[in-house]
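Letter by letter, the chains look like this.
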Amino acid sequence: MSSSQTTEPEQPDEEEQEEKDQPLTLDVLRHLVRKDWARLPGKTLVVLSRDTEGNGFSPFCGYTHSRYSPVYELTGETYPLESELAKDRELRDLYPEIPDDAVAALVLYPLG
């Protein structure tokens, strides 16, 4: 196979798909990058979907390390890390209360 050709990732069967319809952890993402996606060309564009139905897409362009707290079943809000709050008084004023269920999260942002 030449370097200009791309390989398609294998499509999961129905049982595997049900397992994948769960929140993605960094451990799973690392596995996907090292194993399942290892043969994809390095120039493969990473694109985020606007929603689960695929109504709009945008290239991945940035990230932050924050805390996440669910507000509704599958959506929530992000909050600064304790270390960020400790360093920044204005940030503490913006976020005087952070929910107890907020957990560390890698937050990915689309370009548009």
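Since this is a predicted model, take the numbers as computed values, not measurements.

Conventions we followed
- Residues numbered from 1 in each chain as written.
- Predicted model: local features only at pLDDT ≥ 70, side-chain atom pairs only at ≥ 80, totals over all residues.
- Heavy atoms only, no water.
- Helix = DSSP H or I, 4+ residues; strand = E, 2+ residues; numbered from the N terminus.
- Buried < 20%, exposed > 50% of the residue type's maximum accessible area, 1.4 Å probe, protein only.
- Contact = heavy atoms within 4.5 Å.
- Areas by Shrake-Rupley, 256 points an atom, 1.4 Å probe, with all protein chains shown as cover.
- Salt bridge = Lys/Arg side-chain N within 4 Å of Asp/Glu carboxyl O.
- Core = buried A, V, L, I, M, F, W, Y, C linked by side-chain atoms within 4.5 Å.
- Phe/Tyr/Trp six-rings, centres within 6.5 Å; stacked < 30°, edge-to-face > 60°.

Draft legend 1. View of the overall build of the protein. The helix and strand tally for the protein stands at four helices and four strands. Along the protein, from the amino end to the carboxyl end, the secondary structure elements read α-α-β-β-β-α-α-β. By the burial criterion, 13% of the 112 residues in the protein qualify as buried. Put simply, of all contacts in the protein between residues at least 6 apart along the chain, 47% involve residues at least 24 apart. Summed over all atoms, the accessible surface of the protein reaches about 9800 Å², with 52% contributed by carbon and sulfur.

Draft legend 2. Molecular detail of the side chain of R67. Counting through the fold element by element, R67 comes out in strand 2 (residues 57-70). Not counting residues up to four positions away in its chain, the partners in contact with R67 are E77, T78, Y79, P80, L81, E82, L85, I98, A102, V103, A104 and A105.

Draft legend 3. Region of the structure containing the pattern of salt bridges. Summed over the entire model, instances satisfying the criterion amount to three salt bridges. In this structure, R67 and E82 form a salt bridge, with 3.2 Å as the shortest nitrogen-oxygen distance. Residue R67 is found in strand 2, and its partner E82 is found in helix 3 (residues 82-87); the two are separated by 15 residues along the sequence. A relative accessible area of 53% means that E82 is categorised as exposed.

Draft legend 4. Spatial organisation of the nonpolar core. Judged by nonpolar contacts, Y79, L85, L91, I98 and A102 together constitute the single largest core of five residues. Those residues in contact with Y79 that sit more than four places away from it in its chain are S66, R67, S69, Y95, E97, I98, P99 and A102.

Draft legend 5. Seen up close, the packing of aromatic side chains. The tally for this structure, following the rule as stated, stands at one aromatic pair. Between Y79 and Y95 the ring centres are 5.9 Å apart and the planes differ by 80°, which places this aromatic pair in the edge-to-face class. Of this pair, Y79 sits in strand 3 (residues 76-79) while Y95 sits in the loop between helix 4 (89-94) and strand 4 (103-110), and the two are 16 residues apart along the sequence.

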